[in-house]
Amino acid sequence: MEIGRRDLILSAAALALTPRALAAQRPNRPLGYAIVGLGYYGLRIIIPEFANCKHSRLAAVVSGDPAKARRVAAEHGLSDRAIYSYANFDSIRDNPDVDIVYVCLPNSMHAEYTIRAAKAGKHVLCEKPMAVSAAECEAMIAACKAADRKLMIGYRCHFEPTNLEAMRLARAGEAGKIRYVRSEHGFVQGDPSAWRLKRALAGGGSLMDMGVYSLQAARYMTGEEPVAVTARESTDRRDPRFTEVEDMIEWTLEFPSGALAGCQSMYSANQNRILLMGDKGRIELEPATRYDGNRMWLGKDGREREVTPPAGPAKTQFAGQLDHIVQCVRTGQEPVVSGEEGLRDMRIVEAIYRSAREGRTIRLDGRA
Ligand code: NDP
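**Let's talk about the sheet that holds strand β4 (residues 100-103)**
Read from one edge to the other, the open sheet built from six strands follows the order β3-β2-β1-β4-β5-β6, with strand pairing classed as parallel. The two strands at the open ends of the sheet, each matched to only one other strand, are β3 (83-84) and β6 (151-153). In this sheet, strand β5 (residues 123-126) lies alongside β4 in parallel orientation, the contact comprising four bridges. Residue pairing across strands places Val 101 opposite Val 124, the latter belonging to β5.

Following this line, the structure appears as structure tokens:
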């Protein structure tokens, strides 16, 4: 079959518009991010981090506040064409400058914007918690799979040197056989009108927010998947902050090796701690999962010493996370914190709530 000159020009033009074709032409160009939700995390924490990235750049902003979006765009040299609202977000499909959409919205909006981004042909980095139910997580994974796009969850601790070193020490058996992990995360949530305290937007209380760090720590410190969970909640329902969601919740995870993890989250005290006890020693992190200043100690042979982790390859955990999905897009590898990882957590979160509600142990391994 003869291919005409016009066909060739047309197909070359079509190819030139796709992000994949652009990436093929300039394989090492930094990939462009659209930040969805210009709030505390998206605007104050993530956007400044592009300056620390090697492979990522800000390409667009998505916001419900046009004046704020224009200001942020102007500050970062973006044109008006790089500004989207929630209403016209889907037209981001026509913007070849945007390769990755970073969802920094309230929890109950994560699924919708991840799925819309995937349908627009974009890779997705979605903040934690991945969504507000396991069913939503499954739909997000399916949408990204159907669109052949990467999906990564904003579990920044997997790019944070202290936590990475703690995982390495635990795996290397520095504390011996792991018997127990304790992880507690919380902060004082003072504003009763905050979306984090509204069930429709947050999906739950402290568990959905800080509890995810405690749960993640229990899994990445042991390197095991829990087989059962027993949970208990304590919330003062007369407190105007806690009419819709829980304040404090604690849960015990049982692991196949026999190790236990006692985890907790709360909105009525500041805490940020991980402790691992092995039969030969202990690994302790406090603060454990902050943006910076995390510290770690290794106790064994009757001595305790502070461990300074080796510097990571990235300037900061945020830059490491932003550049990681870019590398995954380029190489085809799965993100170390994929959608499946977020789904595993959300299944456990649902079991924690169920255990607290029903006052019994919930098996996670399908056994009765
Ligand atoms: P903020 O309330 O500060 O920002 C959320 C933004 O979402 C708002 O500024 C707004 O942006 C947009 N938005 C759209 N619809 C709504 C709505 N109905 N109510 C409130 N905001 C809305 O929240 P955070 O930035 O603290 O949290 C956002 C996400 O990031 C959460 O999922 C949270 O768990 C996660 N997070 C992760 C952290 C981490 O360390 N990994 C740390 C902090 C948060 P606009 O005005 O532009 O429309």
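**Focus: the sheet that holds strand β10 (residues 260-266)**
Taken together, the nine strands give an open sheet; going across it, the order is β14-β13-β12-β11-β7-β10-β9-β8-β15, and neighbouring strands pair in mixed fashion. On the outer flanks of this sheet lie β14 (303-307) and β15 (362-363), each paired with one strand and no other. In the sheet, strand β12 (residues 281-285) pairs with strand β13 (residues 296-300) via five bridges, with the strands oriented antiparallel. Across the sheet, the residue bridging to Glu 284 is Trp 297, located in β13.

**Quick look at helix α4 (residues 66-75)**
Those residues of α4 that fall on the buried side of the exposure criterion are Ala 69, Val 72 and Ala 73. Projected onto a plane normal to the axis of α4, the buried residues spread over an arc of 100° and lie on a single side. For α4, exposure combined with an orientation more than 90 degrees from the buried face picks out Ala 74 and Glu 75. On its buried side, α4 packs onto α3 (40-49), β2 (56-62) and β3. Just downstream of α4 lies Gly 77, where phi reads positive at about 70°.

**Topic: the layout of surface pockets**
Volume-wise, the largest pocket comes out at about 830 Å³. In terms of lining residues, the largest pocket is bounded by 35 residues, among which Tyr 40, Tyr 41, Arg 196, Asp 209 and Tyr 291 are the most central. Contributions of two or more residues to the lining of the largest pocket are made by α3, α9 (206-222) and β11 (271-278). Broken down by element, the residue count for the lining of the largest pocket peaks at four residues, all from α9. Grouping the amino acids of the lining of the largest pocket by side-chain chemistry returns 15 nonpolar, twelve polar and eight charged. Composition of the lining of the largest pocket by domain shows at least three residues from each of domain 1 (2-154) and domain 2 (160-310 + 340-363).

**Observations regarding the side chain of Gln 264**
The residue Gln 264 is located in strand β10 in this model. Among all residues touching Gln 264, those that are not within four sequence positions of it are Arg 182, Ser 183, Glu 184, His 185, Ser 214, Met 248, Ile 249, Glu 250, Trp 251 and Gln 271.

Calculation notes
- Residues numbered from 1 in each chain as written.
- Predicted model: local features only at pLDDT ≥ 70, side-chain atom pairs only at ≥ 80, totals over all residues.
- Heavy atoms only, no water.
- Pairing = 2+ DSSP bridges.
- Helix = DSSP H or I, 4+ residues; strand = E, 2+ residues; numbered from the N terminus.
- Buried < 20%, exposed > 50% of the residue type's maximum accessible area, 1.4 Å probe, protein only.
- Arc of directions from axis to C-beta.
- Contact = heavy atoms within 4.5 Å.
- 1 Å grid on protein atoms, 1.4 Å probe; cavity = no way out; pocket = protein on both sides within 12 Å on 5 of 7 lines; lining within 4 Å.
- Points joined across faces, edges and corners; volume = space filled by probe spheres on them.
- Nonpolar A, V, L, I, M, F, W, Y, C, P; charged D, E, K, R; others polar.
- Domains from an automatic or database assignment.

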